[in-house]
Amino acid sequence: MARIGLVWSSLIGALSLCLVAVTTLPAVAQQQPSSVNPMAQSVKEQELLKELQRIQGRSSLPDARTRVLEQPGRDWRHFHQVTLRWIGAIVILGMLAVLMLFYLIRGMVRIEGGRSGRTLVRFNAFERFVHWMTATCFIVLALTGLNVTFGKELLTPLIGPEAFAAWAQWAKYAHNYLSFPFSIGVVLMFLLWIAWNFPTGTDMRWLKEGGGIVGNGHPPARRFNAGQKMIYWVVVLGGGAAAITGYLLMFPFYATDVAGMQTAQMVHGIVGMLFIAIMLAHIYIGTIGMQGAFEGMGKGEVDVNWARQHHSLWLENETRKGRVSGGTVAPAE
Ligand code: HEM
């Protein structure tokens, strides 16, 4: 009996040894450096594409546009990941640097002789509503658009991948949905202010004299000067281009094929970056760059002395129509 017990215990011991060996073997094998190259039989992607030009096969997907296995897109990817980032960084940081330098050299353009205390209406309530609705949408669209180009690299190291993914998803929703009020705002601005935005001879003189911002002259201007007319057309044409290309991207393949989508994305990206850079200059002039300018879009009225300095022909016209509060106004220069 004692011998049989010994045989059994030896057998069980041997079996458990084998079991331990079998379960630990793959792990040990993985740790050993292998002389076998697991890629030896495979063809490099580059060679494959060179050899075949295109990979063909059959697909049972009913929609022909979704049957593309690999999009033609290396140039586009390079644009998206490298070129657009350079364009964006150069124009936006470049504009910020220029504005900072300009502010340090020129400072705020002040109302000469101070405020007169008499005011006149510059923008009515509806114009101001349209402006601020469009501007608010634009700022959110700009930040969420920049997030698509720069967000992953800039924010992931700071807030981590989960938080970035959650933010990026909401940012994309905001970007998509705010495009609608923004587009409506651009159309309304176009209609509201088109009458004052055709170029005239006065604009040439205004430009030659540096607009009274570069230098200290006060070239005459009507309701909008040449600089503002440029901003107006940037908003109308840039906003239009951004909206059209944006909707091509938001509703993929309805109006164009994959090459058209890539072109739309490239145009959307470049227009967006330039648009943001130019609007930074607009925001600068409307806030810290010029004393008295914000009031026109803030409460709707501007000081007569501000109007005389920057929009003398407009002031003359408004005075003739009796639209200046608080008494008569000396003729504009
Ligand atoms: C914080 C942002 C902004 C500020 C502080 C601001 C300020 C102003 C001010 C003060 C004016 C009136 C200028 C005057 O009386 O002569 C103005 C006009 C105008 N704004 Fe803005 N704005 C901002 C953003 C935007 C944005 C994002 C857009 C378009 C996307 C825009 C489009 C316009 C247009 C088309 C005009 C009329 C033309 C002109 O004066 O340049 N603004 N803005």
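Preceding this paragraph is the structure being described.
Quantities reported herein were computed from a predicted structural model and do not represent experimental measurements.

> Requested: an account of the coordination of the iron atom of the ligand, with residues and values cited.
Within the protein, the iron atom of the ligand binds to His131 (NE2) and His282 (NE2); these donor distances fall in the range 2.0 Å. One can describe the site at the iron atom of the ligand as octahedral: its six donor atoms subtend angles covering 86 to 179 degrees at the metal. A residue pair is termed long-range when its members are at least 10 positions apart, and His131 in helix α4 (residues 125–159) and His282 in helix α8 (residues 258–289) qualify at 151 residues. Classification of His131 as buried rests on a relative accessible area of 11%.

> Quick rundown of the packing of aromatic side chains? Include the residues and the values.
According to the stated counting rule, one finds twelve aromatic pairs in the structure shown. With 4.8 Å between their ring centres and 65 degrees between their planes, Phe138 and Phe275 make a pair best called edge-to-face. Here Phe275 lies in helix α8 and Phe138 lies in helix α4, a separation of 137 residues in the sequence. Residue Phe138 shares its accessibility class with Phe275, and that shared class is buried. An angle of 85 degrees between the planes, with centres 5.0 Å apart, marks the rings of Tyr232 and Trp233 as edge-to-face. What makes Trp233 partly exposed here is its relative accessible area of 26%. Three or more aromatic residues joined by ring pairs make a cluster, and in this case those are Phe102, Tyr103 and Tyr284. Here the guanidinium or amino end of Arg122 rests over the ring plane of Trp314, the centre of that ring lying 4.6 Å away.

> Quick rundown of the site of the ligand? Include the residues and the values.
Neighbouring the ligand are 20 residues; Arg122, His131, Gln228, Met279 and His282 lie closest to it. Between Arg122 and the ligand, the recorded distance is 2.8 Å, taken from a side-chain N or O atom to an oxygen atom. Here His131 contributes a side-chain N or O atom positioned 2.8 Å from a nitrogen atom of the ligand. Looking at the shell around the ligand, the elements that each hand over two or more residues are α4, α5 (161–193), α7 (226–250), α8 and α9 (293–298). For the shell around the ligand, the class distribution of residues is 14 nonpolar, five polar and one charged.

> Residue-level account of the packing of α4 against α5, with values.
Closest axis-to-axis distance for the α4/α5 pair is 7 Å, and the angle between their directions is 155 degrees. By the angle between their directions, the pair α4 and α5 is classed as roughly antiparallel. Judged by the sense of rotation from one axis to the other, the crossing of α4 with α5 is left-handed.

> For the nonpolar core, give the residues involved together with the corresponding values.
Inside soluble globular proteins, nonpolar side chains tend to come together where they are buried. Judged by nonpolar contacts, the single largest core of 26 residues is most densely connected at Phe138, Phe182, Trp193, Val235, Phe275 and Met279. Broken down by secondary-structure element, the contributors of at least two residues to this core are α3 (74–106), α4, α5, α7 and α8. The greatest single-element share of this core, amounting to six residues, is contributed by α4. Counting residues in hydrophobic clusters, the runner-up holds 13 residues, among them Leu120, Ile213, Met290 and Val324.

> Can you explain the environment of Leu207? Please cite residues and give values.
Note that Leu207 resides in helix α6 (residues 201–208). Each C-alpha atom of the pair Leu207 and Pro219 lies 8.5 Å from the other, and the pair is twelve residues apart in sequence. Leaving out residues up to four positions away in the same chain, Leu207 has contacts with Ala226 and Met230.

> So what's going on with α6? Which residues, and what values?
Regarding α6, the residues found buried are Thr202, Asp203 and Trp206. Angularly, the buried residues of α6 cover 100 degrees about the axis, an arc narrow enough to put them on a single face. Relative to its buried face, α6 has exposed residues pointing more than 90 degrees away, namely Gly201 and Lys208. As for α6, its buried residues are in contact with α7 and α11 (312–320). Where α6 terminates, the next one or two residues include Gly210, which has phi positive at roughly 70 degrees.

> Account for α11, with residues named and values stated.
Every buried residue of α11 is accounted for by Ser312, Trp314, Leu315 and Glu318. In a view along the axis of α11, the buried residues occupy a sector of 155 degrees, so they form one face of it. On its buried face, α11 is in contact with β1 (119–121), β2 (301–303) and α10 (304–310). Phi for Gly322, located one or two positions after α11, is positive at around 70 degrees.

> Go over the environment of Leu93, please, and point to the residues and values.
With respect to the helices and strands, the residue Leu93 is situated in helix α3. Of the residues examined, Leu93 reaches a relative accessible area of 56% and is grouped as exposed. Taking the C-alpha atoms as reference points, Leu93 and Ala277, 184 residues apart in sequence, are found 8.2 Å from one another.

> Which residues make up the packing of α4 against α8, and what values do they have?
Direction vectors running N to C along α4 and α8 enclose 135 degrees, while the axes themselves pass 11 Å from each other. Classified by the angle between their axes, α4 and α8 sit oblique to one another. Between α4 and α8 the crossing geometry is left-handed. Contacts from His131, Phe138, Ala142, Leu146, Thr149 and Phe150 of α4 reach α8 at Met273, Phe275, Ile276, Met279 and His282. Residue classes in the contact of α4 with α8 are distributed as eight nonpolar, three polar and no charged.

The rules behind the values
- Residues numbered from 1 in each chain as written.
- Predicted model: local features only at pLDDT ≥ 70, side-chain atom pairs only at ≥ 80, totals over all residues.
- Heavy atoms only, no water.
- Donors = N, O, S within 2.8 Å, 3.2 Å for Na, K, Ca; no water.
- Tetrahedral: all angles 85-135°; square planar, octahedral: opposite > 155°, others 65-115°.
- Helix = DSSP H or I, 4+ residues; strand = E, 2+ residues; numbered from the N terminus.
- Buried < 20%, exposed > 50% of the residue type's maximum accessible area, 1.4 Å probe, protein only.
- Phe/Tyr/Trp six-rings, centres within 6.5 Å; stacked < 30°, edge-to-face > 60°.
- Lys NZ or Arg CZ within 6 Å of the ring centre and 35° of its normal.
- Near = heavy atom within 4 Å.
- Polar contact = N/O pair within 3.5 Å; in protein donor to acceptor, adjacent residues only side chain to side chain.
- Nonpolar A, V, L, I, M, F, W, Y, C, P; charged D, E, K, R; others polar.
- Axes fitted to C-alpha atoms, helices over the stretch in contact; angles between N-to-C directions.
- Parallel < 35°, antiparallel > 145°, perpendicular 65-115°, else oblique.
- Left-handed = near helix turned anticlockwise from the far one by under 90°.
- Core = buried A, V, L, I, M, F, W, Y, C linked by side-chain atoms within 4.5 Å.
- Contact = heavy atoms within 4.5 Å.
- Arc of directions from axis to C-beta.

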